[in-house]
Amino acid sequence: MKVEGATDPYPLVDGARPTSSHYGRSDSLFNFYSADQSDGSEDNVPDAASPRRGTRPPAKSSGACVHCKSLKVRCEFSPGQKTCQRCQAGNYECIPRSRKKRKPAPTHEDLQLRAHQQDAQIYQLLAQFDTLKANNRIRDRMTRTEHNGSKRTNYPDRFENLARGDSPTELQVIAAFAPTQAHEPDLPRLTPPDIVRFCSLTPNEIDDLFTIFFERINPFFSILDQELHTPAALIWTCPFLFTVICSTAARYYASRPTLYSSAQDFARDASAKSLIEGPRTIDVCQAYLLMALYPPPKKKWEEDRRWILMGVAIRVALELELDKPLPSCGERESLNRTRTWLNCFCVDGSHSIQFGKMPMIRLDDHMALHSQNWYCSSQMNQPFDVHLCAYVQIIVIMARWRKEMEGNLRQRIRDGFNVVKSAIETEESLDREMNRWASLYDEQYSYNLLALAICLYRGDTTRLITAYLRLVVLAAGFQHAVRHTNLTRDSEILKRSIDAAKSVIEVTVKRLYPTGNLRYAMEANFVYVSFAAAYLVNLLRPKFLHLVREEVQRDIVAIVTQLVKILASDKVALDGRHTPLSIRAFWQTLWLLTKWRHLYRRGNFHQSTQECTTRHQLERVILGQTSAIQTPRRVLTRLRTALTTWIWISV
């Protein structure tokens, strides 16, 4: 539609609409011509035969040359010259400025490479930060150890000398334990574990620590093979297990009393590092088990981490499938795998029974159920493997009893299930199994005369554990009988439980203590004997005192008093933080050899205990004598806690 007043941009020429050639148009969208071609002549029209119609001729580069641009002036050219006047006058090369080339856009591969480089740099910086933190911790440990052990004050200089890796002790360890191919010049320099570097362990001290471990510790928990786990092998293949062995044995290393605390710190660091970035090997599983069974002493229960370490060890064993045979390994390595799995089974079963938790390993494990004759399956078996097999079969019996006690127990009792009868039958099965293995012990001792003494001690340890498990079963039956039946002094469950508790203490007092090896026992052994003593003392409460004859009461007082004396002996307790001394402090405060014995000698023992009708009154009677030995406040706190958890168990 035509708008009025608007001009037509294309007026008619000779009555027709002009073509694009009248206005300088070509087939392209736009076509510009220079000023000398604007006369409209036919010669100025681009030729159709030219390769590019309407292209712009090359023009001179705009702007100044490089020299003039530096002076911030324009170029001035003489007619017919290609060099500007200023460059001619100064004899410069007139170089026209060209546009800067744009950087090409990075490709996907370039971006990936740059991201990987940045990640590597970040990891390197984080590693340096972790190294600084670790060095600061080590420096603080060395400072604390030096303050406790000696009077030297050059702690920073000593740390720097040890951190450089050229200390004399470190060089001696490398020379003593380095493999043959490590001396080749092309191989990188070997670096021993931190416990060797910063604790300044010499080769002789390392040999002494391994000797202490295999002579004093491994017989109680026979998980390692002395032929496989040598210092020369573990120091390079598994520094974690090497550190754990040295730190555990340092507890009993009298030549360096201050070594144990710092060695435990290095073992804890090695466990954390192995958990985060270390490989999963059988050596790692064994190291975690040792740390769980020989933990450093803690003041509070919340600080205890044994169950975490135990769980990690069992999880590693499950992932390595140690319960399945590995056809590609040698005979000794196969025995090592089986031995580690059976120890995991025993530790898991014992822990679940002691704390009433669900086990991580099925208690009907195939290898455990069929391990009765594993101890004699090879000539490379250790003398202590027979005790391990016995312990496994005892745990299997306890697993069957726990299975009977699972489920809706009240409904089963209404249906006719007898808890007391089941407890007595299980206790008899444990006793028969222990007697069967005792005869097998005698047979095996005839083949291992060199290790006869320590094998006899290990056999007595198995008797201690069996007596403790018998007491656990009978205590459950006694608890049920107290609630649902009328107990008398002649009740079988009561007599059997007292005999089992006495057996636990008698094995400790008459068999284990005279050997001098009781101080090297695991912490669990002291827990077993303490539980037995607490069970006997619990029977002296007013609620149960009428069930115990006077001669049995005297026996309980005498046997617990003897136990207190033994735990207080220097042959058992190492220091104030050792478990036997802590238990002895509890029982010494409880008994004190004065209050209850004095009341008993006056003939009013029964009457005095009957007067203490409440728990707090009896606690005041017991704690009233603590000032005689000036017990510290932390011991009194521990006493009250122990009274709540051990003696005042509501049965």
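Residues numbered from 1 in each chain as written. Predicted model: local features only at pLDDT ≥ 70, side-chain atom pairs only at ≥ 80, totals over all residues. Heavy atoms only, no water.

Concerning the overall build of the chain
Alright, step 1. Summing up its helical and strand segments, the chain has 26 helices and zero strands in all.
Alright, step 2. With 651 residues in all, the chain has 44% of them scored as buried.
Alright, step 3. When contacts within the chain are restricted to residue pairs at least 6 apart in sequence, long-range pairs at least 24 apart make up 70% of them.
Alright, step 4. For the chain, the computed accessible surface area is about 37,700 Å², with 52% contributed by carbon and sulfur atoms. (Helix = DSSP H or I, 4+ residues; strand = E, 2+ residues; numbered from the N terminus. Buried < 20%, exposed > 50% of the residue type's maximum accessible area, 1.4 Å probe, protein only. Contact = heavy atoms within 4.5 Å. Areas by Shrake-Rupley, 256 points an atom, 1.4 Å probe, with all protein chains shown as cover.)

Examining the nonpolar core
Alright, step 1. Ranked by internal contacts, the top residues of the largest apolar core, which has 146 residues, are Ile195, Phe240, Phe242, Trp437, Leu469 and Ile505.
Alright, step 2. No other element matches helix α18 (residues 452–484), which puts 15 residues into this core.
Alright, step 3. Other than its neighbours up to four places away in sequence, Phe240 contacts Ala267, Ala270, Ser271, Ser274, Val284, Ala287, Tyr288 and Met291.
Alright, step 4. Counting residues in hydrophobic clusters, the runner-up holds six residues, among them Ala64, Cys68, Cys84 and Cys87. (Core = buried A, V, L, I, M, F, W, Y, C linked by side-chain atoms within 4.5 Å.)

With respect to the pattern of salt bridges
Alright, step 1. All chains considered together, the criterion is met by 22 salt bridges.
Alright, step 2. For Glu523, the salt bridge identified is with Arg306, shortest N-O distance 3.6 Å. Placement of Glu523 in helix α20 (residues 523–538) and of Arg306 in helix α12 (residues 306–320) is noted, with a sequence separation of 217 residues between them.
Alright, step 3. A residue is classified by how much of its surface remains accessible, and Glu523, at 23% relative accessible area, is partly exposed. (Salt bridge = Lys/Arg side-chain N within 4 Å of Asp/Glu carboxyl O.)

Here we look at the environment of Ala313
Alright, step 1. With respect to the helices, strands and loops of the structure, Ala313 is situated in helix α12.
Alright, step 2. The class of Ala313 is buried, set by a relative accessible area of 0%.
Alright, step 3. A sequence separation of 28 residues divides Ala313 from Cys285, and the C-alpha atoms of the two residues are 4.6 Å apart.

Topic: unusual backbone geometry
Alright, step 1. Not every positive phi belongs to a glycine, and Lys72 is a case in point at roughly 60°.
Alright, step 2. Within the element layout of this structure, Lys72 appears in the loop between α1 (66–71) and α2 (85–90).
Alright, step 3. Classification of Lys72 as exposed rests on a relative accessible area of 77%.

Things to note about helix α15 (residues 385–405)
Alright, step 1. Spanning 21 residues, α15 covers 31 Å between terminal C-alpha atoms, matching the ideal 30 Å at 1.5 Å per step.
Alright, step 2. For α15, a buried count of 17 out of 21 residues is recorded, marking the element as mostly surrounded by other parts of the structure.
Alright, step 3. A positive backbone phi angle near 85° is found at Gly407, which sits one or two residues after α15. (Expected span 1.5 Å × (residues − 1).)

Observations concerning a positive patch on the surface
Alright, step 1. Together, Lys69, Lys72, Arg97 and Lys100 give the surface a local cluster of positive charge.
Alright, step 2. Counting through the fold element by element, Arg97 comes out in the loop between α2 and α3 (108–149). (Patch = residues over 30% accessible without salt bridge, like charges linked within 9 Å, V, L, I, M, F, W, Y side chains within 5 Å. Lys, Arg positive; Asp, Glu negative; His and termini not counted. Charge placed at Lys NZ, Arg CZ, Asp CG, Glu CD.)

Points about the packing of helix α9 (residues 239–249) against helix α11 (residues 282–293)
Alright, step 1. Two numbers describe how α9 lies on α11: the axes approach to 8 Å, and their chain directions differ by 25°. As summarised for this structure, α9 and α11 are arranged roughly parallel, according to the angle between their axes. In the packing of α9 onto α11, the handedness of the crossing is left-handed. Across the interface between the two elements, Phe240, Leu241 and Val244 from α9 touch Asp283, Val284, Gln286, Ala287, Tyr288, Leu290 and Met291 from α11.
Alright, step 2. Residue composition of the contact of α9 with α11, by class: eight nonpolar, one polar and one charged. (Axes fitted to C-alpha atoms, helices over the stretch in contact; angles between N-to-C directions. Parallel < 35°, antiparallel > 145°, perpendicular 65-115°, else oblique. Left-handed = near helix turned anticlockwise from the far one by under 90°. Nonpolar A, V, L, I, M, F, W, Y, C, P; charged D, E, K, R; others polar.)

Brief notes about a nonpolar patch on the surface
Alright, step 1. A surface patch of nonpolar side chains, amounting to about 330 Å² of accessible area, comprises Ile122, Tyr123 and Leu126.
Alright, step 2. Structurally, Tyr123 is set in helix α3.

Observations concerning the state of the cysteines
Alright, step 1. Under the definition given, this model contains zero disulfides.
Alright, step 2. Summary of cysteine pairing: Cys376 is not part of a disulfide, and the nearest cysteine sulfur, belonging to Cys389, is at 8.0 Å.
Alright, step 3. Given the relative accessible area of 47%, Cys376 is considered partly exposed. (Disulfide = S-S within 2.5 Å.)

Focus on α20
Alright, step 1. Here α20 contains 16 residues, and its C-alpha end-to-end distance of 22 Å stays within 8% of the 22 Å for a straight helix at 1.5 Å per residue.
Alright, step 2. Taken as a whole, α20 has its buried residues at Asn525, Phe526, Tyr528, Val529, Ser530, Ala532, Ala533, Ala534, Tyr535, Leu536, Val537 and Asn538.

Notes on the packing of helix α5 (residues 168–177) against helix α7 (residues 203–217)
Alright, step 1. Viewed as axis vectors pointing N to C, α5 and α7 meet at an angle of 65°, and their least axial separation amounts to 9 Å. When α5 is examined against α7, the residues Gln172, Val173, Ala176 and Phe177 are found in contact with a partner set consisting of Pro203, Ile206 and Asp207.
Alright, step 2. For the contact of α5 with α7, the residue count by class is five nonpolar, one polar and one charged.

With respect to the side chain of Ser222
Alright, step 1. Topologically, Ser222 is positioned in the loop between α7 and α8 (231–237).
Alright, step 2. In contact with Ser222, not counting residues within four places along its chain, are Arg339, Asn343, Gln382, Phe384 and Arg458.

With respect to the packing of aromatic side chains
Alright, step 1. Within the structure shown, the criterion is met by 12 aromatic pairs.
Alright, step 2. Their ring planes at 85° and their centres at 5.0 Å tell us that Phe220 and Tyr457 sit as a pair that is edge-to-face. Here Phe220 is found in the loop between α7 and α8, whereas its partner Tyr457 is found in helix α18, with 237 residues between them in sequence.
Alright, step 3. The exposure class of Phe220 is buried, given its relative accessible area of 5%.
Alright, step 4. Exposure remark for Tyr457: the relative accessible area of 2% places this residue in the buried category.
Alright, step 5. Both rings, one in Tyr468 and one in Tyr528, keep their centres 4.1 Å apart while their planes meet at 20°; by these two values the pair is stacked. Highlighted residues: Tyr468 in helix α18 and Tyr528 in helix α20, separated in sequence by 60 residues. Pair check on accessibility: Tyr468 and Tyr528 agree, each one buried.
Alright, step 6. Taken together, the ring pairs connect Phe210, Phe213, Phe214 and Phe242 into an aromatic cluster. (Phe/Tyr/Trp six-rings, centres within 6.5 Å; stacked < 30°, edge-to-face > 60°.)

Remarks on the environment of Gly90
Alright, step 1. With respect to the helices and strands, Gly90 occurs in helix α2.
Alright, step 2. C-alpha separation for the pair Gly90 and His67, spaced 23 residues apart in sequence, amounts to 9.8 Å.

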